[in-house]
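# Survey of secondary and tertiary structure
Residue strings, one per chain:
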Amino acid sequence: MLGGRRGQALVPMFAGEAGLDLSQSWQIDDIMTDRILYQFPISHYCEKSRWQLDFKGLDYQEKNLLPGPHRLRTRWMARIDTLPILRDGRRTVGDSTKIAYYLEKYYPQRSLLPVAPDQRARVIELEQKFDRLGVDVRRWLYGQIIDRPEVMQAMLNPYGLPGVVQSVLTPLTREGVRRLYRIEPKAVMRAGQRLEEGLLLLEEQLKKGSGRYLVGDQLTLADIAAASLLAPLLSPAGTPWDIFDESTLPSALQSELQKLRERPAGQWVLARYAEDR
Ligand SMILES: N[C@@H](CCC(=O)N[C@@H](CS)C(=O)NCC(=O)O)C(=O)O
């Protein structure tokens, strides 16, 4: 299934193309079928990896780590602070982009990277741009809604904690998120500006092609990165961000979200979820 000679060291070359240093090679013998995605359900970076795994038809278990204490595990597993982390047999890959190229390399079925060099280079470039935009999406959106009770509920409910523990953790987690992601007025405003630039980039790219996919006529890593990292703004039905009765949000935010949903970038994210997710 994996190709190559038994025991041959396989250097993840796609990652090199994307300018990533995975600084590791995998032995075919090490890759087994146990597959676990360590995640936060609400994380859009984790959604990016889930989407790719699902698209490729790969079985995996989801293991939810509690925000905060997760760092003990992530540092031990992959020497990073963030999720997602994929454990694939005895191998561990942290960071959604590294996971993306790892999966493309070792599970080439339903490839998300075009073969044509120019298209491939464009996909790699767009994947990186939308990956960075994920930070602005998160900061801008938390800037609007972090104090709403539904947000911490969506973050903590999946863990099934006793009520008293959850009520102690709620304010601590909220303040931790505020500090970690710099949810402060100036930074949120700048994130909003970069978000607008990202949405315009998406719309320009759509105009250049068929309007369905960002590059070529098939779903690629660029589409998965853009759609999943923008999804919290559009809260497609059934996703972890579909948590609000929007009529209870401040009217300025309601109208901003509505505008977003109506513009081509928003329509595109919703269409990708409806048709490709
Ligand atoms: N570049 C990373 C970003 C992942 C990321 O920012 N994950 C957030 C959740 S959305 C996280 O784990 N934050 C916890 C922390 O930084 O301690 C990736 O693509 O995986």
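## What to know about the overall build of the protein
Secondary structure summary: the protein contains 11 helices and 6 strands in total. Within the span of the protein, comprising 277 residues, buried residues form 34% of the whole. Look at the contacts in the protein between residues 6 or more apart in sequence, and 69% of them connect residues 24 or more apart.

## Comments concerning the site of the ligand
Close contacts around the ligand come from 13 residues, with Ser43, Tyr45, Thr82, Leu83 and Ser96 the closest. A per-class count over the shell around the ligand returns 5 nonpolar, 4 polar and 4 charged.

## Side note on the environment of arginine 148
Relative to the elements of secondary structure, arginine 148 occurs in the loop between helix H5 (117-145) and helix H6 (149-156). For the pair arginine 148 and leucine 249, spaced 101 residues apart in the sequence, the C-alpha separation amounts to 9.0 Å.

## Re the nonpolar core
Formed by 56 residues in total, the largest nonpolar core has its most connected members in Val137, Leu221, Ala222, Ala226 and Leu230. Here this core takes 11 residues from helix H9 (residues 221-234), the largest share from any one element. Taken domain by domain, the makeup of this core includes at least three residues from each of domain 1 (9-106) and domain 2 (117-276).

## With respect to the confidence of the model for the protein
On average, residues of the protein score 91 in pLDDT, and 88% of them reach the 70 mark or higher. When the criterion is pLDDT under 50, residues 1-13 qualifies, and its contacts beyond four places in sequence or with other chains add up to 21 contacts. Predicted confidence is poor over residues 23-32, with pLDDT under 50, and the contacts of this stretch with residues over four places away or in other chains come to 26 contacts.

## Remarks on the packing of H9 against helix H11 (residues 264-276)
Two elements in contact, H9 and H11, have axes separated by 9 Å at closest approach and are oriented at 110°. Between H9 and H11, the crossing angle belongs to the class labelled roughly perpendicular. Counted together, Asp223, Ala227, Leu230, Ala231 and Leu234 of H9 and Gly266, Val269, Leu270, Arg272 and Tyr273 of H11 form the full contact between these two elements. The class makeup of the residues in the contact of H9 with H11 is 7 nonpolar, 1 polar and 2 charged.

## Looking at the sheet that holds strand E5 (residues 85-88)
One open sheet holds the 4 strands; their spatial order is E4-E3-E5-E6, and the pairing between them is mixed. Since the sheet does not close on itself, it has two edges, and those belong to strand E4 (61-64) and strand E6 (91-94), each with one partner. On average, each strand axis in the sheet is inclined to that of its neighbour by 20°, with strand direction left out of account. Here strand E3 (residues 35-39) pairs with E4 via 4 bridges, running parallel. Bridge assignment links leucine 37 to a residue of E4, and that residue is glutamate 62.

Rules of the game
- Residues numbered from 1 in each chain as written.
- Predicted model: local features only at pLDDT ≥ 70, side-chain atom pairs only at ≥ 80, totals over all residues.
- Helix = DSSP H or I, 4+ residues; strand = E, 2+ residues; numbered from the N terminus.
- Buried ≥ 20, exposed ≤ 12 C-beta atoms within 10 Å, placed from the backbone.
- Contact = placed C-beta atoms within 7 Å.
- Near = placed C-beta within 6 Å.
- Nonpolar A, V, L, I, M, F, W, Y, C, P; charged D, E, K, R; others polar.
- Core = buried A, V, L, I, M, F, W, Y, C linked by C-beta atoms within 7 Å.
- Domains from an automatic or database assignment.
- pLDDT = per-residue confidence, 0-100.
- Axes fitted to C-alpha atoms, helices over the stretch in contact; angles between N-to-C directions.
- Parallel < 35°, antiparallel > 145°, perpendicular 65-115°, else oblique.
- Pairing = 2+ DSSP bridges.

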